[in-house]
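# Working through the structure, step by step
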Amino acid sequence: MTIDRPLLEGLFADQASLMRAFDVPDTREALVNAVLGLIEESVEVLRELRKGSTLPWRQGSADSALIFEESIDVLFFLLEVWILLGKGSLDVAEQYREKWLRNLARAAAAEEGK
């Protein structure tokens, strides 16, 4: 598993510049607001995914382009959370890889248990 570090670094740099443009302070309140934004955007994704899911005649009516757009909004807030926590692209890449390896081991253990 490899992570495209230049891409990840670029996303962090872009988000940091956007945060400067909006004068996002490095405060606990800003972190709370970023987490709330992350939740709100995630709920928008969920709403679109569930659209028509309880109506048999409207199955599959969710707009995948809108879901993708809203999930990018989630990414914006996730990057902001990490930046406000003082984490960078290398921190995220290392933590992701560590968690990925753990999950891979869990999947292998589950497969052995079948």
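Everything below is about the structure printed above this text.
Here we summarise the structure given alongside this text. Here the structure is a predicted model, which means the values were calculated and not measured. (Residues numbered from 1 in each chain as written. Predicted model: local features only at pLDDT ≥ 70, side-chain atom pairs only at ≥ 80, totals over all residues. Heavy atoms only, no water.)

When charged atoms on two side chains of opposite charge get close, those side chains can pair. For the coordinates displayed, the defined rule picks out 2 salt bridges. Taking the shortest distance from any N to any O, the salt bridge between Lys 51 and Glu 48 comes out at 2.9 Å. What makes Lys 51 partly exposed here is its relative accessible area of 38%. Owing to a relative accessible area of 6%, Glu 48 belongs among the buried residues under this scheme. Between Arg 102 and Glu 98 there is a salt bridge, and its shortest N-O distance comes to 3.0 Å. Remark: Glu 98 and Arg 102 occur in helix α4 (residues 89–112); sequence separation between them is 4 residues, near one turn of the helix. With a relative accessible area of 35%, Arg 102 lands in the partly exposed category. (Salt bridge = Lys/Arg side-chain N within 4 Å of Asp/Glu carboxyl O. Buried < 20%, exposed > 50% of the residue type's maximum accessible area, 1.4 Å probe, protein only. Helix = DSSP H or I, 4+ residues; strand = E, 2+ residues; numbered from the N terminus.)

Attention now goes to the packing of aromatic side chains. The full count for this structure, using the stated rule, is 1 aromatic pair. Aromatic pair Phe 12 and Trp 82: ring centres 6.0 Å apart, planes at 10°, arrangement stacked. Residue Phe 12 is located in helix α1 (residues 5–21), and its partner Trp 82 is located in helix α3 (residues 64–84); the two are separated by 70 residues in the primary sequence. A relative accessible area of 7% means that Phe 12 is categorised as buried. (Phe/Tyr/Trp six-rings, centres within 6.5 Å; stacked < 30°, edge-to-face > 60°.)

Here the focus is the layout of surface pockets. Within this model, the largest pocket holds a volume of roughly 180 Å³. Around the largest pocket, the lining residues are Ile 3, Asp 4, Leu 7, Leu 8, Leu 11, Leu 75, Leu 78, Leu 79, Trp 82, Val 92, Ala 93 and Tyr 96. Mapped by element, the contributors of at least two residues to the lining of the largest pocket are α1, α3 and α4. (1 Å grid on protein atoms, 1.4 Å probe; cavity = no way out; pocket = protein on both sides within 12 Å on 5 of 7 lines; lining within 4 Å. Points joined across faces, edges and corners; volume = space filled by probe spheres on them.)

Looking now at the environment of Gln 95. In this fold, Gln 95 is placed in helix α4. Placed 17 residues apart in sequence, Gln 95 and Glu 112 show a C-alpha to C-alpha distance of 26 Å.

This part is about the environment of Ser 42. Within the element layout of this structure, Ser 42 appears in helix α2 (residues 28–50). On the basis of relative accessible area, Ser 42 is assigned to the partly exposed category, the value being 34%. Sequence spacing of Ser 42 and Leu 75 is 33 residues, and the spatial spacing of their C-alpha atoms is 9.8 Å.

Compared with the 30 Å implied by 1.5 Å per residue over 21 residues, the 30 Å span of α3 between its first and last C-alpha is a close match. All of the buried residues in α3 are Ile 67, Glu 70, Val 74, Leu 79, Glu 80, Val 81 and Leu 84. Elements in contact with the buried residues of α3: α1 and α2. If you check the start of α3, you find a side-chain oxygen 3.0 Å away from the backbone N of Ala 65, and it comes from Asp 63. (Expected span 1.5 Å × (residues − 1). Contact = heavy atoms within 4.5 Å. Polar contact = N/O pair within 3.5 Å; in protein donor to acceptor, adjacent residues only side chain to side chain.)

Nothing here speaks to function; it is geometry throughout.
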